[in-house]
Amino acid sequence: IMKRKWNRTLCKVKLKRKFEVVEVKDIMLRPKEVVCKWVDAFNNHDVEEITSLYHEDATNHQVTNEPAVGIEAIRAMFTNEFAAADMTCIVEHIFEDGQWAILEWKDPLGLRGCGFFHVVNGKILFQRGYWDKLSFLKEHNLPIEWNPV
């Protein structure tokens, strides 16, 4: 039988870190937490808050539209979309796997979809969304050729 030696130095380091004061801004949000904040900002139609969740060079690709690349394109996309329709995201499920979060959602009118969020260092680097654009346009009485970007 081997006995393990108590490593006092290692123990002191662990104890020291346990009580270390960390500022809130230094805490990295998990992907699921970022998506929860994203849903809140989306439902409030808060363009500045929602864009603050993205990396500067992020991509948001709603597969029914061309990808919005870069923070300014993403800001313009949300500005146009929020002006065009009263959208609400009702969370059905949020799953997390490593740096990825998956959002399954519905809206009050019956539309359903899902989004995949690649979150790196607490910010969305890539997002892809799947939903039925024709149903969305009909539900919101928008012209079929409508394209907010």
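Rules of the game
- Residues numbered from 1 in each chain as written.
- Predicted model: local features only at pLDDT ≥ 70, side-chain atom pairs only at ≥ 80, totals over all residues.
- Heavy atoms only, no water.
- Helix = DSSP H or I, 4+ residues; strand = E, 2+ residues; numbered from the N terminus.
- Salt bridge = Lys/Arg side-chain N within 4 Å of Asp/Glu carboxyl O.
- Buried < 20%, exposed > 50% of the residue type's maximum accessible area, 1.4 Å probe, protein only.
- Pairing = 2+ DSSP bridges.
- Contact = heavy atoms within 4.5 Å.
- Axes fitted to C-alpha atoms, helices over the stretch in contact; angles between N-to-C directions.

## Concerning unusual backbone geometry
Alright, step 1. Phi at H45 is positive, roughly 55°, even though this residue is not glycine.
Alright, step 2. Here H45 is to be found in the loop between α2 (31-43) and α3 (47-51).
Alright, step 3. Phi is positive for N121, close to 55°, though the residue is something other than glycine.
Alright, step 4. Secondary-structure assignment places N121 in the loop between β5 (112-120) and β6 (123-131).

## Examining the pattern of salt bridges
Alright, step 1. On inspection of all chains with the given rule, the structure shows five salt bridges.
Alright, step 2. Notably, a salt bridge pairs E48 with R75, separated by 3.2 Å at the nearest N-O pair. Note that E48 is positioned in helix α3 and R75 in helix α4 (residues 71-84), a separation of 27 residues in sequence.
Alright, step 3. A salt bridge links K106 to E92; the nearest nitrogen and oxygen atoms lie 3.9 Å apart. Highlighted residues: K106 in strand β4 (residues 100-106) and E92 in strand β3 (residues 90-97), separated in sequence by 14 residues.
Alright, step 4. Of the residues examined, E92 reaches a relative accessible area of 25% and is grouped as partly exposed.
Alright, step 5. Salt bridges linked by common partners bring E48, E72 and R75 together as one network.

## Here we look at the pairing of strand β1 (residues 54-62)
Alright, step 1. Across the nine residues that make up β1, a large majority, seven, are buried.
Alright, step 2. Bridging between β1 and β6 involves five bridges; their strand directions are parallel. Within the sheet, the bridge partner assigned to Q62 lies in β6 and is G129.
Alright, step 3. In the sheet, β1 pairs with strand β2 (residues 68-69) via two bridges, with the strands oriented antiparallel. Across the sheet, residue T59 finds its bridge partner in β2, namely V69.
Alright, step 4. Joining the antiparallel neighbours β1 and β2 is a turn of five residues.

## Observations regarding the sheet that holds β6
Within a sheet, adjacent strands bond to each other through the backbone by hydrogen bonds, running parallel or antiparallel.
Alright, step 1. Ordered in space as β2-β1-β6-β5-β4-β3, the six strands form an open sheet in which the pairing is mixed. Each edge of the sheet is formed by a strand with only one pairing partner; in this case those strands are β2 and β3.
Alright, step 2. In the sheet, β3 pairs with β4 via seven bridges, with the strands oriented antiparallel. Counterpart to I90 in the pairing with β4 is K106.
Alright, step 3. Across the sheet, α2 is in contact with β1, β3, β4, β5 and β6; its angle to β4 comes to roughly 35°.
Alright, step 4. Where α4 meets the sheet, its contacts fall on β1 and β2, and the angle it forms with β1 comes to roughly 50°.

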